[in-house]
Amino acid sequence: MKLVFTPNPKYIHKALVVAHEGGILDRVEFERSVPFDEDTSIWRFNPLGKVPCLITDDGAPLFGGLVICEYLDSLSTTGKSVFPTGHARWPALRQAMLGEGMFDATTNMRVEGWRPESERHADYMLRERRKVINALDMMEREAAQFADAPFHIGHICMAGGISYLELRNPIQEHDMVSGDATFDWRAGRAGLAAWYDKAVSRPSLAYRYEHAVSKS
Ligand SMILES: N[C@@H](CCC(=O)N[C@@H](CS)C(=O)NCC(=O)O)C(=O)O
């Protein structure tokens with residue numbers, strides 16, 4: 001199977017982490033695609049024009065990051081799943097969407113910021129900014145309980161969203177609200193910061209996926 005995505009070794013990519021957790025990383029081939037490039041290849045794979053997209057061994061495309069993650073998880077050879085069942089499923093999926101939503105809002109703010117300043121919609125960017133802050137604040141409120149549950153997709157997506165914010169910081173870059181020039185997601189979120197710093201030492205999160213980048 002082939003994962004079509006935009007590799008960046010500095011960002012925790014959820015599909016790679018799930019494949020690592022399931023012991024199936026070596027079954028995945030990689031193809032680099034940058035959806036916002038003018039000549040992007042993404043349209044050949046995903047009618048919605050988004051990465052990641054997974055081409056399964058029978059040639060069918062799967063898209064929607066969480067759908068790809070659940071598919072990869074279903075192939076796990078370790079006997080473990082990062083998608084809890086029963087009551088534990090819902091908080092895990094909610095946290096997954098929280099991390100994903102924060103990632104998406106960070107992306108949307110960046111993409112709007114690519115326009116010339118006079119053409120940007122400040123109200124839209126402020127709304128996306130608000131989602132990022134709200135998501136971080138909800139994570140901070142819940143961080144003390146994160147370690148109570150076995151490692152799951154919610155942890156992966158939240159760590160992924162935070163790592164993206166560490167890589168790209170549109171809140172600081174666009175400096176739209178007083179204090180944003182020095183915005184640091186860790187400030188005032190000691191619980192979340194402590195959880196994140198520990199979480200990223202887990203082998204699947206700490207693993208350097210350079211081979212995925214170089215093969216693509
Ligand atoms: N949370 C989504 C994110 C997908 C997504 O929005 N990816 C961006 C990464 S830059 C993208 O491909 N955007 C292209 C577009 O929105 O047209 C997922 O995992 O499927």
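Coordinates for the structure precede this section.
Residues numbered from 1 in each chain as written. Predicted model: local features only at pLDDT ≥ 70, side-chain atom pairs only at ≥ 80, totals over all residues.

1. A closer look at the overall build of the chain
In step 1: Counting its regular elements, the chain contains nine helices and four strands.
In step 2: Sequence-ordered secondary structure for the chain, helices as α and strands as β, is β-α-β-β-β-α-α-α-α-α-α-α-α.
In step 3: A globule of 216 residues ought to have a C-alpha radius of gyration of about 17 Å, and the chain, at 17 Å, matches this closely.
In step 4: Counting only C-alpha atoms and orienting by the principal axes, one finds that the chain spans roughly 50 × 45 × 30 Å.
In step 5: When each of the 216 residues of the chain is scored for burial, the buried share is 33%. (Helix = DSSP H or I, 4+ residues; strand = E, 2+ residues; numbered from the N terminus. Rg over C-alpha atoms; globule rule 2.2 N^0.38 Å. Buried ≥ 20, exposed ≤ 12 C-beta atoms within 10 Å, placed from the backbone.)

2. Regarding the packing of helix H3 (residues 89-113) against helix H4 (residues 122-146)
In step 1: Look at H3 against H4: their axes get within 9 Å of each other, and the N-to-C directions meet at 155 degrees. Between H3 and H4, the crossing angle belongs to the class labelled roughly antiparallel. H3 and H4 meet at a crossing whose hand is left-handed. Together, Leu-98, Gly-101, Met-102, Ala-105, Thr-106, Asn-108, Met-109, Glu-112 and Gly-113 of H3 and Tyr-124, Met-125, Glu-128, Arg-129, Lys-131, Val-132, Ala-135, Leu-136, Met-138 and Met-139 of H4 make up the contact between the two elements.
In step 2: A per-class count over the contact of H3 with H4 returns eleven nonpolar, four polar and four charged. (Axes fitted to C-alpha atoms, helices over the stretch in contact; angles between N-to-C directions. Parallel < 35°, antiparallel > 145°, perpendicular 65-115°, else oblique. Left-handed = near helix turned anticlockwise from the far one by under 90°. Contact = placed C-beta atoms within 7 Å. Nonpolar A, V, L, I, M, F, W, Y, C, P; charged D, E, K, R; others polar.)

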